[in-house]
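Secondary and tertiary structure notes
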Amino acid sequence: QGQLLAKSWSSLLEGSAGATARSPIYSFNGRNVLTDPLWPHRLAWHGSTPRGGHARRRDCQGWRSSGRGEGLAAPLGEGRLLAGQRHNCSQA
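Computed from a predicted model, the values in this text were never measured in an experiment.

Moving on, we get to the overall build of the protein chain. Scanning the protein chain from terminus to terminus reveals two helices and three strands. Each helix and strand of the protein chain, ordered N terminal to C terminal, gives the series α-β-α-β-β. Looking at the protein chain alone, contacts between residues at least 24 apart form 43% of all its contacts between residues at least 6 apart. Roughly 6400 Å² of accessible area belongs to the protein chain as shown, and the carbon and sulfur atoms make up 50% of that amount.

Attention shifts here to the sheet that holds strand β1 (residues 43-45). The sheet built from three strands is open, its strands ordered β1-β2-β3 with antiparallel pairing. Two strands bound the open sheet, and with one partner strand each, they are β1 and β3 (85-88). Between one strand axis and the next, the sheet turns by 50 degrees as a mean value, whatever way the strands run.

This paragraph deals with the state of the cysteines. A full pass over the atoms with the stated rule returns one disulfide. Across a sulfur-sulfur distance of 2.0 Å, Cys-60 and Cys-89 are joined as a disulfide pair. Between Cys-60 and Cys-89, the S-S torsion sits near -100 degrees, and that sign places the bridge as left-handed. With Cys-60 in helix α2 (residues 60-63) and Cys-89 in the segment after β3, the pair connects residues that are 29 residues apart, well separated along the chain. You'll find Cys-60 and Cys-89 in the same group, each marked buried.

This paragraph deals with the pattern of salt bridges. According to the stated counting rule, one finds three salt bridges in the structure shown. Across the pair Arg-31 and Asp-36 runs a salt bridge whose closest N-O atoms are separated by 2.9 Å. Taking the relative accessible area as the measure of exposure, Asp-36 reaches 13% and is therefore buried. Note that Arg-58 and Glu-70 form a salt bridge whose closest N and O atoms lie 3.3 Å from each other. Taken together, the residues Arg-58 in the loop between β1 and α2 and Glu-70 in strand β2 (residues 70-75) connect sequence positions twelve residues apart. Classification of Glu-70 by relative accessible area gives partly exposed; the value is 29%. Within this structure, Arg-58, Glu-70 and Arg-86 form a network of salt bridges that share partners.

Summarising the element assignment, His-87 is placed in strand β3. When near neighbours in sequence (up to four residues on either side) are disregarded, His-87 contacts Leu-43, Trp-45, Gly-69, Glu-70, Gly-71 and Ala-73.

Its location among the elements puts Trp-45 in strand β1. In contact with Trp-45, other than residues within four places in its own chain, are Cys-60, Trp-63, Gly-71, Leu-72, Ala-73, His-87, Asn-88 and Gln-91.

What counts, and at which threshold
Residues numbered from 1 in each chain as written. Predicted model: local features only at pLDDT ≥ 70, side-chain atom pairs only at ≥ 80, totals over all residues. Heavy atoms only, no water. Helix = DSSP H or I, 4+ residues; strand = E, 2+ residues; numbered from the N terminus. Contact = heavy atoms within 4.5 Å. Areas by Shrake-Rupley, 256 points an atom, 1.4 Å probe, with all protein chains shown as cover. Pairing = 2+ DSSP bridges. Axes fitted to C-alpha atoms, helices over the stretch in contact; angles between N-to-C directions. Disulfide = S-S within 2.5 Å. Buried < 20%, exposed > 50% of the residue type's maximum accessible area, 1.4 Å probe, protein only. Salt bridge = Lys/Arg side-chain N within 4 Å of Asp/Glu carboxyl O.

Below, the structure written as structure tokens:
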């Protein structure tokens, strides 16, 4: 939607001062996921290590499982896209 999320790729991933945590983040259908009640958890599921590698045991079996496994997700709006918090794969 034309808004700046971060000044650089590294600032987005590392959460440096260049990341703009207050910018809206839109879903593919145009909803602001930081304020829309359809997105109660406000997470970016990624399954990556903090350095951007594949966290093999934390990607909900290649994003094919909604079972008991765990995936890594980051809270949106904090400016740290690859922050790794564990969440159950069955969580919407």
